[in-house]
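# Working through the structure, step by step
Here is what each chain is made of, one letter per residue.
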Amino acid sequence: MGLVSLSMKQRNVAMSQLLSTKEVAQFLNINEKVVYSLISEKRLPATKVTGKWLFPKNLVEQWIEANTINYPSSSDRPSVSESVLIIAGSNDILLDRMMSLYNANFPEKIAVFGNLGSMGGMQALRQNFCHIASSHLLQGDGDEYNFEFAGRELERMPAIVNFCKREQGILVNKGNPKKIKAVSDLARPGIRIVNRPLGTGTRLLLDQELKKAAVPGDRIDGYNHTAPRHLDVGLEILAGRADAGLGIHAVAGLLDLDFLPLCWERYDLMIFKERFFSANVQQFLGLIHEEQFLPLAESMKGYDTGLSGRMLFPKNDLKKEEINQVQNSERRKE
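Now for a description of the structure that goes with this document. Predicted model only: the values in this text are computed from it and were never measured.

### Let's talk about helix α3 (residues 32–42)
- Of the residues making up α3, those classed as buried are Val 34, Val 35, Ser 37, Leu 38 and Ile 39.
- Its side-chain oxygen 2.8 Å from the backbone nitrogen of Lys 33, Asn 31 forms the N-cap of α3.
- Once α3 finishes, Arg 43 follows within two positions and takes phi at roughly 55°, a positive value.

Spelled out as structure tokens, the structure:
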């Protein structure tokens, strides 16, 4: 009888340590919908019983400890208040509207943005000036974004979450009066452009496209004339101070400009791991999975939310993971 009682007691204790999806979301202080992505993408310990996910609390605690690494090495760095969510880096119209949504949903907090360009955002993240850095830097291979730059510029690799994909191209006046068809046309006499500042992803994209077309930047009128935001590029064209400039499709839609598409790019959010589970960061990321987010993107041209909210990893790491899965499968067969 004593053995049976002890076994039942142990079983009850074990069951009390199993968290439901709602309880683990509260424990991690995140949105419930984020829990499911952490199961598949970050291997949050979980088991499925009668169709419901259950989470052993002790394993969840171990998972947090294993994933919370690379603490700030210097105690004299400035602290960032948890009541203010600071995002710095590349500007984006959808991100602006998302921050307004955050401020409306969490009136006890405030989200603010530092328009520093992609490289400036990484530098702000490194110096602990912000919670999140936004970036869309195209790597030299032309097939990947941000990881290479983060590895070079930051002391440690941050978590990278996709915010959206967006279409970049050449903004021109309605009717395209200068008959611009390609980046190489920007060097034609009588055409003046407006550029983005050094350190921005759009400036990097233009330089890469000019290199492909074998057109030196100093041959282009207005190459050194810069505007701080995508919207400002469109306003310069609308005001007649420039004939063309690289920018996102959303600006063309808002200002009724013509748009010559160049590429779809990935626009990501970078967060150091020790801040990833902070309440303000998780509240912001959680909004990406809410019903309010999709209409924001659909109301403007040139946005794709297929990857939005997903944690991303370098492709080489994904290949290693696939190899490990195959090897583990072969070992089980043996």
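Still more to cover.
### Examining the nonpolar core
- Among the nonpolar cores identified, the biggest contains 44 residues, and Leu 94, Phe 163, Phe 284 and Tyr 303 are the most heavily contacted of them.
- Looking at this core, the elements that each hand over two or more residues are β4 (84–89), α5 (93–105), β7 (159–172), α9 (230–238), α10 (249–255), β9 (258–271), α12 (279–288) and α13 (293–298).
- Among the elements that take part in this core, α5 stands out by supplying 7 residues, more than any other.
- Aside from chain neighbours lying at most four places away, what touches Phe 163 is Asp 92, Leu 94, Leu 95, Met 98, Tyr 267, Asp 268, Leu 269, Ile 288, Phe 293 and Ser 308.

### Concerning the pattern of salt bridges
- The tally for this structure, following the rule as stated, stands at 15 salt bridges.
- In this structure, Glu 155 and Arg 156 form a salt bridge, with 3.7 Å as the shortest nitrogen-oxygen distance.
- The salt bridge partner of Arg 241 is Glu 236, with a shortest N-O separation of 2.9 Å.
- The exposure class of Arg 241 is partly exposed, given its relative accessible area of 47%.
- Overlapping salt bridges bring together Asp 92, Arg 166 and Glu 265 as one network.

Here is what the cut-offs are and how they apply
Residues numbered from 1 in each chain as written. Predicted model: local features only at pLDDT ≥ 70, side-chain atom pairs only at ≥ 80, totals over all residues. Heavy atoms only, no water. Buried < 20%, exposed > 50% of the residue type's maximum accessible area, 1.4 Å probe, protein only. Helix = DSSP H or I, 4+ residues; strand = E, 2+ residues; numbered from the N terminus. Polar contact = N/O pair within 3.5 Å; in protein donor to acceptor, adjacent residues only side chain to side chain. Core = buried A, V, L, I, M, F, W, Y, C linked by side-chain atoms within 4.5 Å. Contact = heavy atoms within 4.5 Å. Salt bridge = Lys/Arg side-chain N within 4 Å of Asp/Glu carboxyl O.

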